[in-house]
Amino acid sequence: MRPDTKICYCHGVPFHKLWHFARRCRPQRASQMSECLGAGTGCGWCIPFLKKIHEQALRSEASAEPGPAESLIEITPEDYASRRKSYIANKEPKNQF
């Protein structure tokens, strides 16, 4: 994923904002990632990805890794958007933190 790839489509939150939020604010729980422009409070599709970003940010902080870990989400932006579209169309149960 690129830094400007939207993770939360409902609120238009890109990867780099979430990554920097997690590194700067150090949320204790993954659910606190929603404090970053409301990410994860809409359809719920992005919640598993918010959890990954939160986990990796904590891990990278402990090891002092520099910069965003775009490779953290190993899916193309196009595939990500397509999977979200299916999630919405199929009215799947909302993901939970």
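Residues numbered from 1 in each chain as written. Predicted model: local features only at pLDDT ≥ 70, side-chain atom pairs only at ≥ 80, totals over all residues. Heavy atoms only, no water.

Q: What should I look at first to understand unusual backbone geometry in this one?
A: A negative phi angle is the norm for most residues apart from glycine, just as the trans form is the norm for most peptide bonds. You will see that Leu37, though not glycine, has its phi angle at about 60°, which is positive. Within the secondary structure layout, Leu37 lies in the loop between α1 (15-25) and α2 (47-63). Phi is positive for Lys91, close to 50°, though the residue is something other than glycine. On the secondary structure map, Lys91 appears in the segment after α3 (77-89). The exposure class assigned to Lys91 is exposed, which follows from its relative accessible area of 72%. (Helix = DSSP H or I, 4+ residues; strand = E, 2+ residues; numbered from the N terminus. Buried < 20%, exposed > 50% of the residue type's maximum accessible area, 1.4 Å probe, protein only.)

Q: Sorry, what's going on with the packing of aromatic side chains here?
A: We describe a pair of aromatic rings using the distance from one ring centre to the other and the angle between the two ring planes. Within this structure, the stated rule accounts for 6 aromatic pairs. Their ring planes at 25° and their centres at 6.1 Å tell us that Tyr9 and Tyr80 sit as a pair that is stacked. With a gap of 71 residues between them, Tyr9 in the loop between β1 (6-8) and β2 (13-14) and Tyr80 in helix α3 connect regions that are remote in the sequence. A ring pair is formed by Trp45 and Tyr87, whose centres lie 5.4 Å apart and whose planes are at 55°; its orientation type is tilted. Of this pair, Trp45 sits in the loop between α1 and α2 while Tyr87 sits in helix α3, and the two are 42 residues apart along the sequence. With respect to burial, Trp45 and Tyr87 carry one shared label: buried. Following the ring pairs from residue to residue traces out a cluster consisting of Tyr9, Trp45, Phe49, Tyr80 and Tyr87. (Phe/Tyr/Trp six-rings, centres within 6.5 Å; stacked < 30°, edge-to-face > 60°.)

Q: Hey, could you run me through the pattern of salt bridges in this one?
A: Pairs can form between side chains of opposite charge whenever their charged atoms are close. Tallied over the entire structure, the rule returns 3 salt bridges. Salt-bridge contacts for Arg2 lead to Asp4; the nearest nitrogen and oxygen are separated by 3.7 Å. Since its relative accessible area comes to 46%, Arg2 is described here as partly exposed. Residue Glu55 is joined to Arg59 by a salt bridge in which the shortest nitrogen-to-oxygen separation is 2.3 Å. Taken as a pair, Glu55 and Arg59 lie in helix α2 at a separation of 4 residues, close to a single helical turn. Looking at Arg59, the relative accessible area reads 44%, which means it is partly exposed. (Salt bridge = Lys/Arg side-chain N within 4 Å of Asp/Glu carboxyl O.)

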